[in-house]
Amino acid sequence: MNHLFVDNITVIDFAYLDPARGLVGESWITDVVLGGELDDQGMVFDFSLVKRTIKRVIDERVDHRLVIPRGYEGLNWDEETPDAFIWNLTDGSHIEHRSPDEAVVWLSSDRVVPSAVAALLEKELKAVLPGNVTSVEINLREDVIEGAYYHYVHGLKKHLGNCQRIAHGHRSPIRIDRNGHRDYELENRWAKLWKDIYVGTEEDVTRRFVGEDGVGYITFEYEANQGEFALTLPESRVYMLDTDTTVELIAAHIADKLKAEFPEDEIRVKAYEGVGKGAIASRV
């Protein structure tokens, strides 16, 4: 058998549900290996078609979606309202989510792990690749980050693409320079503050309440061009902004907070949105 490989074919930015961590923003780099017989061109698969076919399938299936492990015993939903569900957390609180079908991925497992998502993608790809391709291997891996990072989830209702989905996310490094020197302590502080956090927009809040479990909750709702979205989660798992939550506004928010804390200092914040992209905000 012959093999063709493509490393770093795409990065999938998504969110998933975990029993303890709740909503987790994640970014996985994707590598693919195809095995099979050579075609008439002497190829397993034409490199020019790799991104057109393979990247498209991977991005459409998982990127900017919420991955839900159907086998988790703490998952509850009503057959009459299949677009909504409740996710019970191990601390006794819960998360409620409602969205169009295209915003979620149902996984046939009880936990979200790279191997389970890879198996889903491998099955999808085998269905669209030519007959001479007899095996597909997907490897999903995290970016190697030197320094602090956080997992955050958000939704951008004004976005015309898939960022409008209310629960998609990223695993993101942060770099903070203070007076021209990197400040690892501040980076670690923000990474701790935003560990497994939902970054919410005040404009989208429709309700704050205390549930029967004694937990304070916050509900976000909005309508975008893909449909209606709603998310309720413990307020302790939310960080609020007065603005939208684009990475540009996130970087600006962090820079403003630090400038207020250190008014005499020059601040530069490089906030990533997943792998290899993001925004820079400076305050002098």
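Residues numbered from 1 in each chain as written. Predicted model: local features only at pLDDT ≥ 70, side-chain atom pairs only at ≥ 80, totals over all residues. Heavy atoms only, no water.

A. Molecular detail of the packing of aromatic side chains. The tally for this structure, following the rule as stated, stands at 14 aromatic pairs. Both rings, one in Trp-77 and one in Trp-106, keep their centres 5.7 Å apart while their planes meet at 45°; by these two values the pair is tilted. Within this pair, whereas Trp-77 is found in the loop between β4 (75-76) and β5 (84-88), its partner Trp-106 is found in strand β7 (residues 104-107), the two being separated by 29 residues in sequence. Of the residues examined, Trp-77 reaches a relative accessible area of 34% and is grouped as partly exposed. Of the residues examined, Trp-106 reaches a relative accessible area of 23% and is grouped as partly exposed. (Phe/Tyr/Trp six-rings, centres within 6.5 Å; stacked < 30°, edge-to-face > 60°. Helix = DSSP H or I, 4+ residues; strand = E, 2+ residues; numbered from the N terminus. Buried < 20%, exposed > 50% of the residue type's maximum accessible area, 1.4 Å probe, protein only.)

B. Region of interest: the packing of helix α1 (residues 47-61) against helix α2 (residues 114-126). At a minimum axis separation of 10 Å, α1 and α2 run at an interaxial angle of 130°. What the angle tells us is that α1 and α2 run oblique. For the pair α1 and α2, the sense of crossing is right-handed. In this structure, α1 contributes Ile-54, Val-57, Ile-58 and Arg-61 to the contact, and α2 contributes Leu-120, Leu-121, Glu-124 and Leu-125. The residue inventory of the contact of α1 with α2, partitioned by class, reads six nonpolar, no polar and two charged. (Axes fitted to C-alpha atoms, helices over the stretch in contact; angles between N-to-C directions. Parallel < 35°, antiparallel > 145°, perpendicular 65-115°, else oblique. Left-handed = near helix turned anticlockwise from the far one by under 90°. Contact = heavy atoms within 4.5 Å. Nonpolar A, V, L, I, M, F, W, Y, C, P; charged D, E, K, R; others polar.)

C. Here's a closer look at the sheet that holds strand β1 (residues 2-18). In space, the five strands of this open sheet follow the order β7-β3-β1-β2-β8, with mixed pairing throughout. Each edge of the open sheet is held by one strand with a lone partner, namely β7 and β8 (133-141). Shown here is a sheet whose adjacent strand axes are inclined to one another by a mean of 40°, direction ignored. Of the strand pairs in this sheet, strand β2 (residues 22-36) and β8 are connected by eight bridges, and their pairing is antiparallel. (Pairing = 2+ DSSP bridges.)

D. Looking closely at the sheet that holds strand β6 (residues 94-98). If you trace the six strands from one edge of the open sheet to the other, you get β4-β5-β6-β15-β14-β13, paired in antiparallel fashion. Edge strands, defined here as strands with exactly one partner in the open sheet, are β4 and β13 (205-210). Of the strand pairs in this sheet, β4 and β5 are connected by two bridges, and their pairing is antiparallel. Bridge assignment links Asn-76 to a residue of β5, and that residue is Ile-86.

E. Region of interest: α1. For α1, with 15 residues, the first-to-last C-alpha span of 21 Å sits near the 21 Å given by 1.5 Å per residue. A bend of about 30° at Lys-55 is the largest found in α1. Buried residues of α1: Val-50, Thr-53, Ile-54, Val-57, Ile-58 and Asp-59, and no others. If you follow the buried residues of α1, they end up packed against β1, β2, α2 and β8. (Expected span 1.5 Å × (residues − 1). Bend = angle between axes of the 7 residues up to and from the residue.)

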